[in-house]
Amino acid sequence: MKNISINLKELYRNRNKKLLMNGKISILEPDKIEKQSILTSLLKAKVYAKGILLDLGCGGKPYEIIFSDIVEEYIGIDLPPTKTSNKQIKKPDVYGSALKLPFKSESFDTILCTQVLEHVPEPKKLLEEAFRVLKGDGYLIMTAPMTWGLHEIPHDYYRFTKYGLEYLVQSAGFKIIYIRPRSGFWGVIGQKISSWIYYFGRIPKNIFNEIIKRILCAVVQSIFSILDKFNEIESETLGYIVVAKKVKKDEK
């Protein structure tokens with residue numbers, strides 16, 4: 001039974017990788033709405049990526065595969081692993097803090113930062129460091145949550161509105177290209193229901209129940225994803241994507 005479970009996980013992981021290359025998240029993923037919203041937003045922002053890219057808070061570098069064909073070099077940085085950290089398929093290239101980056105000023109052409117800002121106690125400091133290591137005319141591509149449950153406890157400090165992100169990014173020195181919501185109201189509802197089914201429903205853990213839960217999540221998320229497309233209500237969203245530019249001093 002244990003070997004079957006390991007083989008299924010490996011097959012699922014490989015399938016997810018192939019889907020990611022095509023800009024899709026598996027329909028059996030319990031967080032599909034959230035993850036698809038991030039991936040779709042990054043693919044649209046991809047046109048701004050160039051040169052040497054720093055993935056700030058990279059984790060297992062899940063998005064390297066979609067940027068590697070457009071940048072010269074992809075470098076990931078994250079904190080050193082702890083005993084409670086999840087095992088990662090890919091490790092960061094550099095260990096270090098986003099609040100004190102171990103790089104010289106103006107070292108990168110692009111900064112990628114996905115779902116990290118809520119996990120640092122001083123988000124403005126992270127953005128100031130990103131600004132420092134970014135070259136003139138370089139771009140920041142960043143996603144952050146507005147609606148999401150507690151995670152990576154206890155290092156989960158903030159949620160961000162569009163206006164909060166605008167203030168933080170501009171106060172760090174960036175010129176905002178755009179800030180866009182990653183979902184609408186129905187996307188939030190669908191993701192909440194799916195998360196409850198998968199993570200909080202009191203169903204014993206085994207392969208059969210795992211399949212049932214994922215199918216239920218797929219049905220719920222499919223319905224609410226359709227509602228989100230045909231009835232766009234952006235007053236509530238799972239989060240935002242920000243694209244901003246470090247303008248040269250003589251252009252300010």
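Undergrad: Run through the packing of aromatic side chains, naming residues and quoting values.
TA: Summed over the entire model, instances satisfying the criterion amount to ten aromatic pairs. Here the aromatic rings of phenylalanine 131 and phenylalanine 174 are separated by 5.1 Å at their centres, their planes lie at 90°, and the arrangement is edge-to-face. Separated by 43 residues along the polypeptide, phenylalanine 131 in helix H4 (residues 123-133) and phenylalanine 174 in the loop between helix H5 (162-171) and strand E6 (175-181) bring together distant segments of the chain. Of the two residues examined, phenylalanine 131 and phenylalanine 174, each falls in the buried class. Three or more aromatic residues link up through ring pairs in this structure, and these residues are Tyr48, Tyr139 and Tyr178. Sitting over the face of the ring of tyrosine 178, arginine 180 holds its NZ or CZ atom 3.6 Å from the ring centroid. Sitting above the plane of the phenylalanine 131 ring, lysine 246 keeps its charged end 4.6 Å from the centroid.

Undergrad: Which residues make up unusual backbone geometry, and what values go with them?
TA: Here the bond from isoleucine 153 into proline 154 is cis, since omega is 5°, no more than 30 degrees from zero. For proline 154, the location among the structural elements is in the loop between strand E5 (134-145) and H5. Unlike most non-glycine residues, lysine 61 shows phi in positive territory, near 55°. Counting through the fold element by element, lysine 61 comes out in the loop between strand E1 (52-56) and helix H3 (64-67).

The rules behind these values
Residues numbered from 1 in each chain as written. Predicted model: local features only at pLDDT ≥ 70, side-chain atom pairs only at ≥ 80, totals over all residues. Heavy atoms only, no water. Phe/Tyr/Trp six-rings, centres within 6.5 Å; stacked < 30°, edge-to-face > 60°. Helix = DSSP H or I, 4+ residues; strand = E, 2+ residues; numbered from the N terminus. Buried < 20%, exposed > 50% of the residue type's maximum accessible area, 1.4 Å probe, protein only. Lys NZ or Arg CZ within 6 Å of the ring centre and 35° of its normal.

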